[in-house]
Amino acid sequence: MSISIRRAKPEDASVCGQICYEAFHKISSEHNFPPDIPAPEGGIGVLTRLFSDPGFYCVVAEADGSIAGSNCLDERGAIAAVGPITIDPKVQNRGIGRKLMDAALDRARERNCAGVRLVQAAFHNRSLSLYTTLGFDVREPLAVMQGPAIKKTYEGTTVRPARPSDLEACNLLALGVHGHHRGGELADAIRQGTATVVERQGRITGYASSTAFYGHAVAETNPDLQALIAAADSFAGPGILVPSRNSELFRWCLANGLRVVQPMTLMSMGLYNEPKGAFLPSVLY
């Protein structure tokens, strides 16, 4: 089989989106978990956005001249994020995934990214093995959690929509917790109207780009993060990603009606600091 990698084009999104759906559906069904993308339209929609977004570097794999898969690299911050990477189930286990990963990592090295991260399905042994051999380290076990909106308020905290003027304070908060910020993502989320902040005594103590599968959150303390989660109208996609080592937050989610959908794993290459606060990663990292 002849395999080649090229830059993705917007018109590739339809074929690649169908493959994205089929690949996630196959691996999830084999392990009795719900798929991350429940319908082909979801995969097509995600890749249509990413293939057209200048903040993402996306590549397509062709096997004997036919599209066989794709991969994307989020380049909006100092830390690059990989995904979604998917390969046509008919041609899996033939080295295509490694070539797609090599293309993303070569790009990250060219751009001198401080680090690269991804989130993988913990039940997917092959991807865990591939990412480990490529140099990624396991950093955090995650629980994808879903359930009804909690709709609680907490004394001393106020949750409101984020404004562009909040960006600097949120970036400083992320720097304190993680050692880097995700200002590019957050700025996009503010423009899209999905971002929220929590204030305590008139000071921003946490923010969420969105309380969703593709969103991330950072807070000084668990109560600040809980206030953000409790104020959400819903948890879009499969659910929020809760670091299961944070037992206090994990128990609080369970006590408030959220349930575990599936386990995932945060992995990193390059810069990584042990978080000094509370956080929720996105499915990218």
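Keep in mind that this is a model prediction, so the values were computed, not measured.

Cut-off values and rules
- Within each chain, residues carry numbers counting from 1 in the order of the written sequence.
- pLDDT decides what is reported in this predicted model: residues at 70 or higher carry local features, side-chain atom pairs at 80 or more are listed and counted, and totals for whole chains, interfaces and linings draw on all residues regardless.
- Side-chain metrics in this entry use all non-hydrogen atoms of the structure; hydrogen atoms and water are not considered.
- The helix count covers DSSP runs of H or I at least four residues long, the strand count covers runs of E at least two residues long, and both are numbered beginning at the N terminus.
- Atoms counted for the radius of gyration: C-alpha only. Globule rule: 2.2 Å times the number of residues to the power 0.38.
- Throughout, exposure labels follow a simple rule: accessible area from a 1.4 Å probe, protein chains only, divided by the maximum for the residue type, with under 20% read as buried, over 50% as exposed, and the rest as partly exposed.
- Any pair of residues with heavy atoms lying within 4.5 Å of one another is described as a contacting pair.
- Under this rule, positive means Lys or Arg and negative means Asp or Glu; His and the chain ends count for nothing.
- Lysine's charge is taken at NZ, arginine's at CZ, aspartate's at CG and glutamate's at CD.
- For Phe, Tyr and Trp, where Trp contributes only its six-membered ring, two rings pair if their centres lie within 6.5 Å, and the inter-plane angle classes them as stacked under 30 degrees, edge-to-face over 60, or tilted in between.
- In this scheme, the term charge over a ring applies when either NZ of a lysine or CZ of an arginine sits within 6 Å of the ring centre and within 35 degrees of the ring normal.
- One fewer than the residue count of a helix, multiplied by 1.5 Å, yields its expected span.
- Axis angles are defined between N-to-C directions and span 0 to 180 degrees, where every axis is a line fitted to C-alpha atoms and, for a helix, only to the segment in contact.
- Between 65 and 115 degrees an angle is taken as roughly perpendicular, under 35 as roughly parallel, over 145 as roughly antiparallel, and anywhere else as oblique.
- Each crossing gets its handedness from the near helix: less than a right angle anticlockwise from the far helix is left-handed, clockwise is right-handed.
- Following the grouping adopted for this structure description, the nonpolar residues are Ala, Val, Leu, Ile, Met, Phe, Trp, Tyr, Cys and Pro, the charged ones are Asp, Glu, Lys and Arg, and the polar ones are all others, Gly among them.
- We define the nonpolar core as a collection of buried residues of types Ala, Val, Leu, Ile, Met, Phe, Trp, Tyr and Cys that are connected through side-chain atoms lying within 4.5 Å of one another.
- Pairing between two strands requires that DSSP report at least two bridges joining them.
- We call two N or O atoms a polar contact when they sit within 3.5 Å, provided that within protein one can donate a hydrogen and the other can accept it, with sequence-adjacent residues counted only if both atoms are side-chain atoms.

Peer 1: Sorry, what's going on with the overall build of the chain here?
Peer 2: Looking only at helices and strands, one finds 8 helices and 14 strands in the chain. For the chain, the C-alpha radius of gyration of 19 Å lies close to 19 Å, the compact-globule estimate for 285 residues. Considering the chain as a whole, with its 285 residues, one finds that 54% of them fall into the buried category. For the chain, the share of sequence-separated contacts (at least 6 apart) that also reach a separation of at least 24 residues comes to 72%. Both charge centroids of the chain, one from 28 positive and one from 28 negative side chains, sit 2 Å from each other.

Peer 1: Whenever I open this one, the packing of aromatic side chains confuses me. Can you help?
Peer 2: One pair of aromatic rings is described through two measures. These are the centre distance and the angle between the planes. Under the defined criterion, the tally for this structure stands at 4 aromatic pairs. For the ring pair F213 and Y214, a centre distance of 5.8 Å and an interplane angle of 90° mean the geometry is edge-to-face. Under the relative-accessibility criterion, F213 is labelled buried at 3%. Note on Y214: relative accessible area 43%, which makes it partly exposed. Its end group placed over the ring of Y285, R182 keeps NZ or CZ at 3.7 Å from the ring centre.

Peer 1: Would you take a moment to explain helix α1 (residues 13–30) for this structure?
Peer 2: Each α-helix winds once per 3.6 residues, and so residues spaced three or four apart point in a common direction. Relative to the 26 Å expected for 18 residues at 1.5 Å per residue, α1 spans 25 Å between its end C-alpha atoms, a close match to the ideal helical length. All of the buried residues along α1 are A13, C16, G17, I19, C20, Y21, A23, F24, I27 and S28. For α1, the elements touching its buried residues are α2 (40–52), β2 (56–63), β3 (66–74), β5 (86–87) and α4 (125–133). Directly after α1, the chain includes N32, whose backbone phi takes a positive value near 60°.

Peer 1: Help me understand the packing of α1 against α2 in this model?
Peer 2: Between α1 and α2, the shortest axis-to-axis distance is 7 Å and the interhelical angle comes to 130°. On the basis of their axis angle, the class for α1 and α2 is oblique. Like other packed secondary-structure pairs, α1 and α2 cross with a definite hand, here right-handed. Residue-level inspection shows A13, S14, C16, G17, Q18, C20 and Y21 of α1 in contact with α2, the latter providing P40, G43, I44, L47, T48 and F51. A per-class count over the contact of α1 with α2 returns 8 nonpolar, 5 polar and no charged.

Peer 1: Please explain the environment of E155 as it appears in this structure.
Peer 2: Considering the arrangement of structural elements, one finds E155 in the loop between β7 (137–146) and β8 (157–161). Here the alpha-carbon distance between E155 and R200, two residues 45 residues apart in the chain, equals 9.3 Å.

Peer 1: What exactly am I supposed to notice about the nonpolar core here?
Peer 2: Generally speaking, a soluble globular protein has its nonpolar side chains buried in company with each other. Core analysis: the largest hydrophobic core is formed by 28 residues, its most contacted members being L47, L50, F51, C58, L241 and M264. Top element by residues in this core is α1. It accounts for 5 residues. Judged by nonpolar contacts, the second largest core, of 26 residues, contains Y57, V91, A104 and V116.

Peer 1: Explanation requested: the packing of helix α5 (residues 167–178) against helix α6 (residues 183–192) in the structure shown.
Peer 2: A packed helix pair is summarised by two numbers, namely the angle formed by the two axes and the spacing between the axes. The interhelical angle for the contact between α5 and α6, taken along N-to-C directions, is 140°, at an axis separation of 10 Å. In this structure, α5 crosses over α6, and the sense of that crossing is right-handed. Across the interface between the two elements, L167, C170 and N171 of α5 pack against G183, L186, A187 and I190 of α6. Tallied by class, the residues present in the contact of α5 with α6 amount to 5 nonpolar, 2 polar and no charged.

Peer 1: What am I meant to see in the sheet that holds strand β14 (residues 278–280) here?
Peer 2: Backbone hydrogen bonds are what pair the strands of a sheet, in a parallel or an antiparallel way. Read across the open sheet, the 5 strands follow the order β8-β9-β10-β11-β14; overall the sheet is antiparallel. Only two strands of the sheet have a single partner each, and these edge strands are β8 and β14. Across this sheet, the average inter-strand angle for adjacent strands is 20°, counted without regard to direction. Against the sheet, α5 contacts β9 (196–200), β10 (203–208), β11 (217–219) and β14, and its axis sits at roughly 80° relative to β10. Sheet strands in contact with helix α7 (residues 222–230) are β8, β9, β10, β11 and β14, and its direction is about 135° off that of β9.

Peer 1: Before we go on, may I ask you to explain the side chain of E62 in this structure?
Peer 2: Tracing the chain through its elements places E62 in strand β2. By relative accessible area, which is 19% here, E62 ends up buried. Of the polar contacts made by the side chain of E62, one reaches the side chain of R6; its length is 3.1 Å. Discounting residues that sit within four places of it in the chain, E62 has contacts with S2, I3, S4, R6, I67 and A68.

Peer 1: How should the environment of L167 be read in this particular structure?
Peer 2: Mapped onto the fold, L167 is located in helix α5. Setting aside residues up to four positions removed in sequence, L167 forms contacts with G183, L186, A187 and I190.

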